[in-house]
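# Examining the three-dimensional arrangement
One letter stands for each residue in the lines below.
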Amino acid sequence: MRIVIADANLMSQRSTFEAALPEGATASWHDSWNEHSVLTDLKDADVYVGPVFTGAMGAVAPNVRLVHVAGAGYDGIEAGALPAGAVCANTFHHESSIAEHITAVLVALRRNLIGQDAALRTGIWSSSVYSADIRQPETLRGAVFTFLGFGHIGGAAWKLLQAFGAEGIAITRSGSVDPLANSLRWAGTTERLGEALSESDILVISIPLTEETTGLVGAVELDNLGPDGLLVNVARGPVAEESALYEALKDRRIAGAAIDTWYQYPGPDGRGEPSALPFGRLDNIIMTPHSSGVTAETFRGRAREIAENITRLSKNEPIKNVVISR
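A few words now on the overall build of the protein chain. Along its length, the protein chain carries ten helices and 13 strands. Against the compact-globule benchmark of 20 Å for 326 residues, the protein chain has a radius of gyration of 22 Å, which places it among compact chains. Across the 326 residues in the protein chain, those meeting the buried criterion constitute 46%. Excluding contacts between residues fewer than 6 apart, the proportion of contacts in the protein chain whose partners are at least 24 apart in sequence is 64%. Averaging the coordinates of the 26 positive side-chain charges in the protein chain and doing the same for the 38 negative ones gives two points 4 Å apart.

Moving on, we come to the nonpolar core. With 32 residues, the main nonpolar core has Leu-148, Ile-205, Val-217, Leu-231, Leu-245 and Phe-279 as its most contacted residues. Counting only elements with at least two residues in this core, the list comes to strand 6 (144-148), strand 7 (167-172), helix 7 (193-198), strand 9 (202-205), helix 8 (219-225), helix 9 (242-250) and strand 11 (256-259). Here this core takes five residues from helix 9, the largest share from any one element. Leave out the neighbours within four places in its chain, and Leu-245 touches Leu-222, Leu-231, Ala-240, Ile-254, Ile-259, Tyr-263 and Phe-279.

Turning to the sheet that holds strand 6, a few remarks are in order. Each strand in a sheet pairs with its neighbour through backbone hydrogen bonds, running either in the same direction (parallel) or in the opposite one (antiparallel). Spatially, the seven strands line up as an open sheet ordered 8-7-6-9-10-11-12, and their pairing is parallel. Only two strands of the sheet have a single neighbouring strand rather than two, namely strand 8 (186-189) and strand 12 (285-287). The average angle at which neighbouring strand axes cross in this sheet is 15 degrees, direction not considered. This element, helix 4 (residues 95-110), spans strand 6, strand 9, strand 10 (230-233), strand 11 and strand 12 of the sheet and lies at about 155 degrees to strand 10.

Within the fold, Ser-200 resides in the loop between helix 7 and strand 9. Overall, the relative accessible area of 7% leaves Ser-200 in the buried class. Along the primary structure Ser-200 and Thr-54 are separated by 146 residues, whereas in three dimensions their C-alpha atoms are 44 Å apart. Residue contacts for Ser-200: discarding those within four places in its chain leaves Val-144, Phe-145, Thr-146, Ile-169 and Leu-225.

As a further point, take the side chain of Ser-275. Secondary-structure assignment places Ser-275 in the loop between strand 11 and strand 12. At 2.9 Å, the side chain of Ser-275 and the backbone nitrogen of Leu-277 are in polar contact.

Thresholds applied
Residue positions are given per chain, counting from 1 as you read along its sequence in written order. The model is predicted, so local features are restricted to residues of pLDDT at least 70 and side-chain atom pairs to those at 80 or more, both for listing and for counting; the totals for chains, interfaces and linings are taken over all residues. Hydrogens and waters are ignored; side-chain quantities use all the structure's heavy atoms. Starting at the N terminus, helices and strands are each numbered in turn, a helix being any DSSP run of H or I of at least four residues and a strand any DSSP run of E of at least two. We compute the radius of gyration from the C-alpha atoms alone; for a globule the expected value is 2.2 Å times N to the 0.38, where N is the number of residues. Relative accessible area decides the class of each residue, using a 1.4 Å probe on protein chains only: under 20% of the type maximum gives buried, over 50% gives exposed, and in between gives partly exposed. Any two residues whose heavy atoms approach within 4.5 Å are treated as being in contact. Charged-residue counts in this description rest on Lys and Arg as positive and Asp and Glu as negative, His and the chain ends being excluded. A charge is said to be at NZ when it belongs to Lys, at CZ for Arg, at CG for Asp and at CD for Glu. In this description, a nonpolar core means a group of buried Ala, Val, Leu, Ile, Met, Phe, Trp, Tyr and Cys residues linked to one another through side-chain atoms lying within 4.5 Å. Here a strand pair is declared whenever DSSP counts at least two bridges between the two strands. In this description, a line fitted to the C-alpha atoms serves as the axis of each element, helices being fitted only across the stretch in contact, and the angle between N-to-C directions of two axes falls anywhere from 0 to 180 degrees. Nitrogen and oxygen atoms within 3.5 Å of one another constitute a polar contact, given that in protein one can donate a hydrogen and the other can accept it, and given that sequence-neighbouring residues count only through two side-chain atoms.

So this is what it looks like as structure tokens:
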């Protein structure tokens with residue numbers, strides 16, 4: 001069995017991946033996805049692992065039976081490009097890392113750790129101990145969260161945040177949640193988002209981006225969250241309407257935000273503005289480069305699960321997490 005891998009995120013887990021492959025399997029590695037170099041390597045491949053699979057790739061790879069992405073998203077895979085009988089599968093393992101990120105940025109925002117750090121570097125002790133104009137900060141205990149999306153990420157974040165004494169509301173497209181999440185205040189459909197936000201301190205966005213969820217969080221929803229509210233987006237940028245979010249932060253109609261997923265993405269050199277709007281000039285936002293799930297733990301788990309699926313393929317066993325079938 002011959003496997004072609006073209007995902008830079010898996011390079012650091014190469015030994016873990018190869019150790020878990022079935023006996024006799026050979027792996028051909030590319031340090032990034034490049035259609036030209038991958039095309040020359042796919043002719044005799046049985047498995048392709050990478051973020052993009054095009055019609056040209058499918059045309060030169062008639063023997064490919066499994067296309068595997070090293071993450072949850074598979075929007076780079078052209079369904080019609082898969083050879084007849086092939087499947088595409090995805091993998092997760094990022095929920096614990098993202099839950100940890102959500103908790104970390106919220107503690108930093110709630111306690112103004114970044115502002116205090118910046119002030120103290122100039123000799124200013126920015127604390128209510130030294131200034132009557134500064135409020136004593138709130139902890140996460142007793143904070144009410146709205147989870148917009150309650151799948152792998154929302155569930156993992158809620159499990160962690162319960163240890164801080166937080167309370168939770170889940171808003172999903174169907175309105176249903178895992179029965180094990182019965183410690184939530186309540187759960188409902190996206191039609192009840194405004195109601196949820198009006199009784200919440202913090203909004204965590206982890207819902208998939210679709211036509212229905214694009215712009216789901218706009219000016220009205222941000223005003224429902226209120227001037228002490230915080231927002232974390234680890235889903236996709238456009239779930240929160242770009243200009244509405246910027247204006248709400250600039251005008252302090254919400255207290256702050258932590259944004260990990262953006263409206264513009266860089267080229268291969270990793271340079272580029274994340275938005276056409278100057279979010280970087282705001283002092284009430286934590287900006288990260290879509291990195292909340294990028295940890296060694298995440299990609300160790302993904303490498304092992306992809307290798308497990310390749311072993312299943314070699315034994316003609318059902319593939320896990322199939323998202324496209326031909």
